[in-house]
Every structure is written in structure tokens, then in C-alpha cells.
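Summary of the model geometry
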Amino acid sequence: MFRSVEIPLWLLILILLFAAVTFLSHFLFPSVRWFFRRRMERAVAELNKRLERPIQPFKLARRHDTIQRLIYDREVLAAVTEHAAEEGIPENVAMERARRYAREIVPSFSAAVYYRFATRAARWLSRKLYDVRVDKRSRAALERVDPDATVIFVMNHRSNMDYVLITYLVAENSALSYAVGEWARVWPLSWLIKSMGAYFIRRKSRNALYRRVLARYVQMATEAGVTQAFFPEGGLSLDGRIGPPKLGLLSYVLADFDPEQGRDVVFVPVALNYDRVIEDRVLTEAAALGQRRFRASIAQSLWFPIRYAWRRWRGRAVRFGQVGVRFGAPMSMRRYMQAHPGARVDAVGRELRARVRAVLPVLCVPLVAYVVSRAGGTISRKDLTSQTAMLLAQLPNPLMDRDADAVVSTGLAGLCSRRILRESGEFVLSVAENTALLDYYANSVACVFDRSDVLASSHAESSET
């Protein structure tokens, strides 16, 4: 029993390695995790004192616990049984699929990543790329929202910069949770996005089991008071207009909403507009093809920030103009359902779209593009200035200077530098090969000046919140 045994050195090293891993996993790792989790909880408690809406415990729960809670939810279990019967597979196989969907959807939120990295990076990037203009008077409406309600920011989707901007602008309010398409499921981007509390969705999936798992996750987060952000259009606007709402996520929220008890759900409209959308050429090319397939690759997407950083380092980069942000009148679902009993999801979607359009910011480049496009692509500089002045007079609270000459000069500088417009003597002309880009920016503000849209927007803004 006490005899010496001769073994190869590699086997001894392997045995010691396994023993060390076993010791660490059973004795050291739990203590280390407990130590860091206690530190994290104290840090979050201090952070919540500064936030208008504290980070909810649901968002801070361990990812494993949330996944277990989700897959053993009564409705998910019923969907597992139905899926197994429809597919003719054992229930344990269907259950494993549900578990895989839950792992795919549930994020792994990190308050440290969100507030020490993401919000700071979002603020730095937003200010470096754009002159950010925010209507502070409209933002004050957020202070009047019921502190116990679940707040969902509803935005038009113009650019992937929308995620960055909204993260920066509401950092003092709360940590956002938002849905991200499959385009971002690339490591390490996927890890970063999940650490920020976002969750991936398969937008085109028709799998009933997947949809039920996704619906229950959204409903659990809403019930727990997690602050969220939705892009009702479902994808980036290809023509600059605010598209019709896709009702998937909205239907999940409303299907579980009880106006008589539980938390109220308050939708906060947010309207965004840009002097320059980084992806504008990619979007207009997709619109011309008539299909939502973007020619830009991951390599091109990564190359753009590297090239821009290099140009900034050499002092040759300039900002992309202004980005305007305005908040609309918050819409309490409890009050809305009391005023419109039995309202359908599509009616709520139209109301939210109208409220976003009602507060759409008008900036220099889109305004000049709208005037030139409406004139057929050719207009004198004098007429351009006079028509711009007339349109500026219609805006009750513009985010830019009311001086028409300054607006026209700024707008022309942005459009001519990209060869969307050109000046010839006293005239301003559109460049034929870039007409789609001119229309893209003109469309972004067309609803503000179209009479029927103005009437609809005015009605939405004056309705009871």
C-alpha cells in the first residue's frame, strides 16, 4: 500500500493539473465569485442612487437563473409540449431546443461594462462624430413619468448609431435593454452587446417555440420594470421615411398587459434625424434593389472606424454634421386603454408612429435636400433661401438657427462636399448619380411639411398621455 509507484512525468503533471482545477472549482472559485459579486452589488447600490430609474433586480440576476426561470415558465413548457407533438420528437429534445433558444436570447448584463465602458464610449463617439442637438424641453417630460412604471423608448431607426446615441442620452435615466438583429452575432461584438443587456432576436423566424420563448422573456422583463428601447420599424429605413411599425415585440408587451393591476407601461417616443447617416449609400443601394440585403461586409464595417480614426489622428477628419434628438409626449398604456377599451395592437403601433413623427427634428442638410428635391432637382440660390425661410417659419421649436442664409449655407456645404448637389452660377443642381441620396435625406423631413401628416401629428401630440 505504501510502495513507490513509478509513473511518467507527463501523467504526474496531468494528475496535478486535474487536482488543482478540482480544488479551485470546489473551494476557491465560489469564494472569489462571492467576493466579486458582493463588490458588484455594493457598486450597483451606489449607482442606483444616482439613476432616475434604478437597475431592476431582474436585470442583475445571474444569467443561468434567468434561463432556468424562462424555460420552466408554464407557457414555455406548454409550447414545448406542442412543439414535440407537431414535430414528432421526444419532449426532452424539444426542451433542449427551448433551452438553446433561451441561451441565445437572455443577455449577461454587466453594470461595470455598461457604465464604465459602454456609456463613456457612446458619449465619446457621439460627440466626435456629430454635433448632438437635444431638445431639453421635450426631455423634461421624462421627469413626470410614474417612477414605478416600465418605460419603453420607441424610436425611428435611421442608423446603427441610434444604439450608441440612445445609450449616451439616457445613461442618467437607467440602463437600457434593447433587441438586436442577427447581424451582431459575431464575436467579440456579441459578447459586448450581451454584456450591455441587449438580446438577440431572429427577426424572420416562424418557429412557434422560439417565438414563445422570446415573448416570455420580453414579458418577464416588462413585468420586472426593466427600461427598454424598441425600434418599431424592425430595421433601418431604406428610403429615409419612418416606416410602418412591425408589431412583434409590441404585441408581446401588450399581450401580457393588464390595465387594472400590475405595473403601468409608458412608451416614450424618441425621434432622431441626421445631417449624414453613415450607412446612407448602403441603404439606398438596397432600396434600389428592392430587397433588404446590404452589400457592406463585416470587414468594411470594421475598416470604416479604423480609417476615420486614422484621419482624425492626422487632423483631416471632420464631423458628420448635426444629429437631432427630440422626445415626444409619453404614452401611458393604462390611460390609453381606459380611453380606448379593446384597442388593437396595430392601433397602438400607429399611435406610437404618429407621436414619433410629431416630434421629428428638422436639420440643415435634410431641409435643403427637401427644398431642392421638391423643386425637381434644380433651383436658384435665391429661391432656395426664400423657400427655406418659409419652411423654417412653420417649425415651432427648431434645433437649428432660424437664419435661412446660415441654414442654406450649412446644408449646401454638407451636400456639395459629397457630390449630392452642385452649384452652377446662381443655381443649385442635383447630381444625377446621387439622386437617390438627395431623396433619402429629403424624405426624412417630408412628413413634417406635408399637410396631412402635420394634421395627424398634431392630433397625436395633443391626445391624452
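Here's what I pulled together on the structure shown here. (Residues numbered from 1 in each chain as written. Predicted model: local features only at pLDDT ≥ 70, side-chain atom pairs only at ≥ 80, totals over all residues. Heavy atoms only, no water.)

**A closer look at helix 17 (residues 381-394)**
- The end-to-end C-alpha separation of helix 17 is 20 Å, in line with the 20 Å expected for 14 residues at 1.5 Å each.
- Listed as buried for helix 17 are Leu-384, Thr-385, Thr-388, Leu-391 and Leu-392. Down the axis of helix 17, the sector holding all buried residues measures 130°, keeping them to one side. Across helix 17 from its buried face, at more than 90 degrees, point the exposed residues Lys-382, Met-390 and Ala-393.
- For helix 17, the elements touching its buried residues are helix 16 (364-374), strand 9 (378-380), helix 18 (404-416), strand 11 (427-430) and helix 19 (435-449). (Helix = DSSP H or I, 4+ residues; strand = E, 2+ residues; numbered from the N terminus. Expected span 1.5 Å × (residues − 1). Buried < 20%, exposed > 50% of the residue type's maximum accessible area, 1.4 Å probe, protein only. Arc of directions from axis to C-beta. Contact = heavy atoms within 4.5 Å.)

**Regarding the packing of aromatic side chains**
- Tallying each qualifying case throughout the model produces twelve aromatic pairs.
- Taking 5.4 Å as the distance between ring centres and 85° as the angle between the ring planes, the aromatic pair formed by Tyr-101 and Tyr-210 counts as edge-to-face. Placement of the pair is Tyr-101 in helix 5 (residues 91-105) and Tyr-210 in helix 10 (residues 208-223), with a sequence separation of 109 residues.
- Arranged with centres 6.5 Å apart and planes meeting at 70°, the rings of Phe-153 and Phe-327 form a pair that is edge-to-face. On the criterion of sequence distance, the pair formed by Phe-153 in strand 2 (residues 150-155) and Phe-327 in strand 7 (residues 322-327) is long-range, its members being 174 residues apart.
- Residue Phe-153 is classed as buried on the basis of its relative accessible area of 0%.
- Through successive ring pairs, a cluster of aromatic residues spans Phe-58, Tyr-199 and Tyr-217.
- Over the ring of Phe-109 we find Lys-59, and its NZ or CZ is 4.8 Å from the ring centre.
- Geometry around Tyr-210 places Arg-202 over its ring, the cationic atom sitting 5.2 Å from the centre. (Phe/Tyr/Trp six-rings, centres within 6.5 Å; stacked < 30°, edge-to-face > 60°. Lys NZ or Arg CZ within 6 Å of the ring centre and 35° of its normal.)

**Quick notes on the pattern of salt bridges**
- Under the counting rule described, the total for this entry stands at 14 salt bridges.
- For Arg-326, the salt bridge identified is with Asp-135, shortest N-O distance 2.8 Å. Linking Arg-326 in strand 7 with Asp-135 in the loop between strand 1 (131-134) and helix 7 (136-139), this pair joins segments that are 191 residues apart in sequence.
- Overall, the relative accessible area of 11% leaves Arg-326 in the buried class.
- Where Arg-241 meets Asp-239, a salt bridge forms, and the shortest distance between an N and an O atom there is 3.2 Å.
- Judged by relative accessible area, which is 45%, Arg-241 ranks as partly exposed.
- A relative accessible area of 32% places Asp-239 in the partly exposed class. (Salt bridge = Lys/Arg side-chain N within 4 Å of Asp/Glu carboxyl O.)

**Considerations on a positive patch on the surface**
- Together, Arg-203, Lys-204, Lys-246, Arg-292 and Arg-293 give the surface a local cluster of positive charge.
- Among the secondary structure elements, Arg-203 is positioned in the loop between strand 4 (199-200) and helix 10. (Patch = residues over 30% accessible without salt bridge, like charges linked within 9 Å, V, L, I, M, F, W, Y side chains within 5 Å. Areas by Shrake-Rupley, 256 points an atom, 1.4 Å probe, with all protein chains shown as cover. Lys, Arg positive; Asp, Glu negative; His and termini not counted. Charge placed at Lys NZ, Arg CZ, Asp CG, Glu CD.)

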